[in-house]
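Structural description and commentary
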Amino acid sequence: MKKIFTLIMTVLFSIALLTGCSDEKKETSAKDATAKTKVAFVYVSSAKDGGYSMAHDLGRQYVEKNMPNVEATYMESVPEGADAERVISQLAAQGNKIIFTTSFGYMDPTINVAKKFPDVTFLHCSGYKTADNVGNYFGRMYEARYLTGIVAGKQTTSNVIGYVAAFPIPEVVRGINAFTLGVRSVNPSAKVKVLWTNTWYNPATEKQAALTLLDAGADVIAQHQNTPGPQQAAEEKGKFGIGYNIDMSAAAPNASLTSAIWTWGPYYASTIEQILAGTWKSGAYWGGMQDKLVDLAPFSKAVSEETKQITNDAKAKIIDGSLKVFMGPLKAQDGSIKVPAGQLMTDEELLKFDWFVEGVDASIQ
C-alpha cells in the first residue's frame, strides 16, 4: 500500500513539475513576443536643431509610430571623434541591436565599435566604409537641389543667388553644382555666389554669411547648413530663401520658396525590417527621388504657377529617369568641357567632385 502511495505521489509531482515548466515556457514565450528590439540613433546636433538632425529624428519618430515592436531612442549633440566612439560603445553595451550614426565624422568611430560588437548592426550616414556588420547610407540630394535651383533661377531679379555652404567637400560641391545647373537651365544669366562657413551647425555664423551675400546683391539664399539661420537672414532682409533638410518655412514664412528635404522614415523602417528578418546585407545605399528619400517641401505662395509647372515637370523626368542631373555636356567655370555630351558622370566621380560648373562664383578652398 505504501509503495502504491509513493508511486502515486511521484506521478503527481512529475505532472506538477511538467506543468510548471510548461507555464514557465509559456511565460517566457509571451515575454519574447512582446519584447521590443532596441534601436538607437546618434545625432551631431540637437534633435530639434531645425535642420539636419531634426530630419533624422523625424525618421526615428516614424519608426516609433509605425513599428510597435521597436524601441527607438537617440543621443543628441554628440561631437565627432573620441566622444562619438564612447557614446556608440555605450549604446551597444546597453542592448541596442541596431545603431544608426548620422554624421560623416562618426564613420571611423562606428567601424571601431563594430569590431567589438559583432552581433550589433551599425548603419553610418554619408560615409563610405563598410564591414560585415556595418553598412552606409545616403541620398541623391543633388536631385532635389537641381529642382530648387529651378525655383531660385525663376525667382531672382538680380541674377545673383547666394549659397551658404558648410565645407568644400565633394558632398557640398556636388550640391552646389546641381543647384547651379538647375538655376541656369531656366536662367543662363544668373550666377551662384558661394560663401564657405566651415561649420555644420553654427546658427550665428551661418546667418551672418547669408547677410553678407545679401549685401553683395543676392536676392535668393540657398544653403548647405544644418540650421535655418540663412533663411532667417533672408526673412529679415525681405528677400527669398531655399531651405534644406526639412521644410524651413516655419522659420522664415515670408522668405521661404521651398526646401530640399529628407524623408528618412520609410528607409529606416525598411532597413530595420530587413535586419530583423535576417535579409539585410552590408553595403552602400544611395537612394534618390525615385525612392522618395529626397523631395521638395511645398511651394510657398510666392512661387508662380509657371515655376511650379516647370519644376514639377523636371521632377517627373528625374523620377522616370529621362532627366539626369549630371549628364554632359557639362562645363567648368572656365568654360572648358569637363563632361562630353551624352556622357553621364559615374557615382564614383560624383563622390569625388572637386570642381565647379559654369555659373558658380567661388573657389574650392
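You'll find the structure just up there.
So, here is what we can say about the structure in this document. Think of each chain on its own: its residues are numbered from 1, step by step along the sequence as written. Owing to the predicted nature of the model, reporting of local features is limited to residues with pLDDT of at least 70; listing and counting of side-chain atom pairs is limited to 80 or more, with chain, interface and lining totals taken over all residues. Side-chain descriptors were evaluated using all non-hydrogen atoms of the structure, hydrogens and water having been removed beforehand.

1. Some words on the sheet that holds strand S10 (residues 256–262)
What the 7 strands build is an open sheet, ordered S12-S10-S9-S8-S6-S7-S15; its pairing is mixed. Strand pairing shows two members of the sheet lacking a second neighbour, strand S12 (294–296) and strand S15 (360–361), which therefore form its edges. Two strands are said to pair when DSSP picks up at least two bridges between them. Under the DSSP-based scheme used, a helix requires at least four consecutive residues in state H or I and a strand at least two consecutive residues in state E, with every element numbered from the N terminus.

2. Looking at the environment of Gln232
Turning to its location among the elements, Gln232 is positioned in helix H8 (residues 229–236). Exposure remark for Gln232: the relative accessible area of 31% places this residue in the partly exposed category. Separated by 21 residues in sequence, Gln232 and Leu211 have C-alpha atoms that sit 9.5 Å apart. Burial classes follow relative accessibility: with a 1.4 Å probe on protein chains only, a residue under 20% of its type's maximum area counts as buried, one over 50% as exposed, and anything between as partly exposed.

3. Observations regarding the sheet that holds strand S5 (residues 134–139)
Read from one edge to the other, the open sheet built from 6 strands follows the order S2-S1-S3-S4-S5-S11, with strand pairing classed as parallel. Each of the sheet's edge strands pairs with one partner strand only, and the pair in question is strand S2 (70–75) and strand S11 (284–287). Strand-to-strand twist in this sheet, taken as the mean axis angle between neighbours without regard to direction, amounts to 20°. Taken strand by strand, helix H4 (residues 107–116) contacts strand S3 (98–101), strand S4 (121–125) and S5, and its axis lies near 170° from that of S4. Between the N-to-C directions of two axes lies an angle of 0 to 180 degrees, each axis being a line fitted to C-alpha atoms and, for a helix, fitted only over the stretch in contact. The contact definition used throughout considers only heavy atoms, calling two residues in contact when any of these lie within 4.5 Å.

4. What about helix H3 (residues 82–93)?
Between its first and last C-alpha, H3 extends 17 Å over 12 residues, near the 16 Å set by a 1.5 Å rise per residue. Looking at H3, one finds that the buried residues are Ala84, Val87, Ile88, Ser89, Leu91 and Ala92. Where H3 terminates, the next one or two residues include Gly95, which has phi positive at roughly 100°. Given a helix with a known number of residues, its expected span is that number minus one, times 1.5 Å.

5. Notes on the nonpolar core
Here, nonpolar core means buried Ala, Val, Leu, Ile, Met, Phe, Trp, Tyr and Cys residues that are tied together by side-chain atoms lying within 4.5 Å of each other. With 76 residues, the main nonpolar core has Phe100, Ile176, Val194, Trp262, Trp264, Val325 and Phe326 as its most contacted residues. By residue number, the principal contributor to this core is helix H5 (residues 141–155), which donates 8 residues. Excluding residues that lie within four positions of it along the chain, Val325 makes contacts with Tyr142, Glu143, Tyr146, Ala178, Leu181 and Ile318. Within the second largest apolar cluster, 16 residues are counted, among which are Val78, Ile99, Ile111 and Phe122.

6. Description of the pattern of salt bridges
Here, a salt bridge means any side-chain nitrogen of Lys or Arg that lies within 4 Å of a carboxyl oxygen of Asp or Glu. Following the criterion strictly, the structure yields 13 salt bridges and no others. Here Asp347 ties to Arg140 by a salt bridge, and the two come within 2.9 Å at their closest N and O atoms. Residue Asp347 is found in helix H11 (residues 347–350), and its partner Arg140 is found in the loop between S5 and H5; the two are separated by 207 residues along the sequence. By relative accessible area, which is 33% here, Asp347 ends up partly exposed. In this structure Arg140 comes out as buried when scored by relative accessible area, which is 17%. Connected via shared salt-bridge partners are Asp57, Arg60 and Glu64.

7. Side note on the side chain of Thr110
Within the fold, Thr110 resides in helix H4. Judged by relative accessible area, which is 0%, Thr110 ranks as buried. Polar contact criterion, stated in full: a pair of N or O atoms within 3.5 Å, where within protein one must be able to donate a hydrogen and the other to accept it, and residues adjacent in sequence count only if both atoms are side-chain atoms. A distance of 2.9 Å separates polar atoms of two side chains, one belonging to Thr110 and the other to Thr101. Dropping the residues within four chain positions of it, Thr110 is found in contact with Ile88, Thr101, Phe122, His124 and Val134.

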